[in-house]
Amino acid sequence: MIFKNPIRLKTPVRNCSKTYSNYRSYKNYLAEDFNNRCGYCDSYDGWLGGTKIYHIDHFAPKSKFPHLENTYENLIYSCPFCNLTKSDDWPSESEEVSILNNIGYINPILEEYNTYFYRDSRGNIFCEDKETGHYMYNKLKFYLERHRVLWNLTKLMQVKKKIKVKLDICKDKAEYEDLLKLYGELSLEFDEFLFYIVGDVS
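Residues numbered from 1 in each chain as written. Predicted model: local features only at pLDDT ≥ 70, side-chain atom pairs only at ≥ 80, totals over all residues. Heavy atoms only, no water.

A. Broad picture of the overall build of the protein chain. Scanning the protein chain for helices and strands turns up 5 helices and 7 strands. Overall, the protein chain is about 65 × 40 × 35 Å in size when its C-alpha atoms are taken along their principal axes. Among the 202 residues that make up the protein chain, the fraction classed as buried is 44%. A total of about 11600 Å² of accessible surface is found on the protein chain, and carbon and sulfur atoms cover 53% of it. A gap of 4 Å separates the mean positions of the 28 positive and 29 negative side-chain charges of the protein chain. (Helix = DSSP H or I, 4+ residues; strand = E, 2+ residues; numbered from the N terminus. Buried < 20%, exposed > 50% of the residue type's maximum accessible area, 1.4 Å probe, protein only. Areas by Shrake-Rupley, 256 points an atom, 1.4 Å probe, with all protein chains shown as cover. Lys, Arg positive; Asp, Glu negative; His and termini not counted. Charge placed at Lys NZ, Arg CZ, Asp CG, Glu CD.)

Here it is, written out as structure tokens:
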């Protein structure tokens, strides 16, 4: 039996009430909307350089629908990998039809996005809906190892932060030593995943 985690824990929410004539002006708002994660694969932007490196994807491509170029509701905060892979691919001649004959894309702003994709206990991404989501899963290469690595890196960072808080307030010597040992073990594992992403920086 496969343990199924949602591909993301928090649904994006659009928070910007301003209107800009250049879509790039929305970038910081989009980063907040999408919880500093890629709208598609949910990779945390901090591992790849933050907003300076992350892209803005036009869900309905601006090359096909130029009138949507600066439409906030059409913009998705995206990692470079997903944005460049998706590019201007679109299954129809209508901006309203994102899936045609099971080919196309599920809008990641939708709450039901989690019903199409999930993660196993190791962080690998799988497609729940083999018909509707299969094309998107393969096109955006959700099967790549990098998704598992980035997910684990983020998870380890969060656990390390919680343990660090406990270490700072712990007054029991035995408990402190146990926490310190656990923190050290997690740090080694964290370094292994980080090395996979950035390589040897020494």
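B. Representation of a negative patch on the surface within the structure. Residues Asp-172, Glu-175, Glu-177 and Asp-178 make up a contiguous surface patch of negative charge. Mapped onto the elements of the fold, Asp-172 is located in the loop between α4 (145-169) and α5 (173-198). Residue Asp-172 is classed as partly exposed on the basis of its relative accessible area, which comes to 41%. (Patch = residues over 30% accessible without salt bridge, like charges linked within 9 Å, V, L, I, M, F, W, Y side chains within 5 Å. Salt bridge = Lys/Arg side-chain N within 4 Å of Asp/Glu carboxyl O.)

C. Highlighting unusual backbone geometry. Backbone geometry places Asn-35, a non-glycine residue, at a positive phi of 60°. Mapped onto the fold, Asn-35 is located in the loop between α1 (27-33) and β2 (55-58). A positive phi angle is found at Asn-36, which is not glycine, with a value near 55°. Within the secondary structure layout, Asn-36 lies in the loop between α1 and β2. Look at Asn-36 and you get partly exposed, because its relative accessible area is 31%.

D. Layout of the pairing of strand β3 (residues 75-78). Burial along β3 is two-sided: the face carrying Leu-75 and Tyr-77 and the face carrying Ile-76 and Ser-78 are both buried. The pairing of β2 with β3 spans 4 bridges and is antiparallel. Opposite His-58, over in β3, you have Leu-75 as the bridge partner. (Pairing = 2+ DSSP bridges.)

Purely spatial values, then, with no claim about function.
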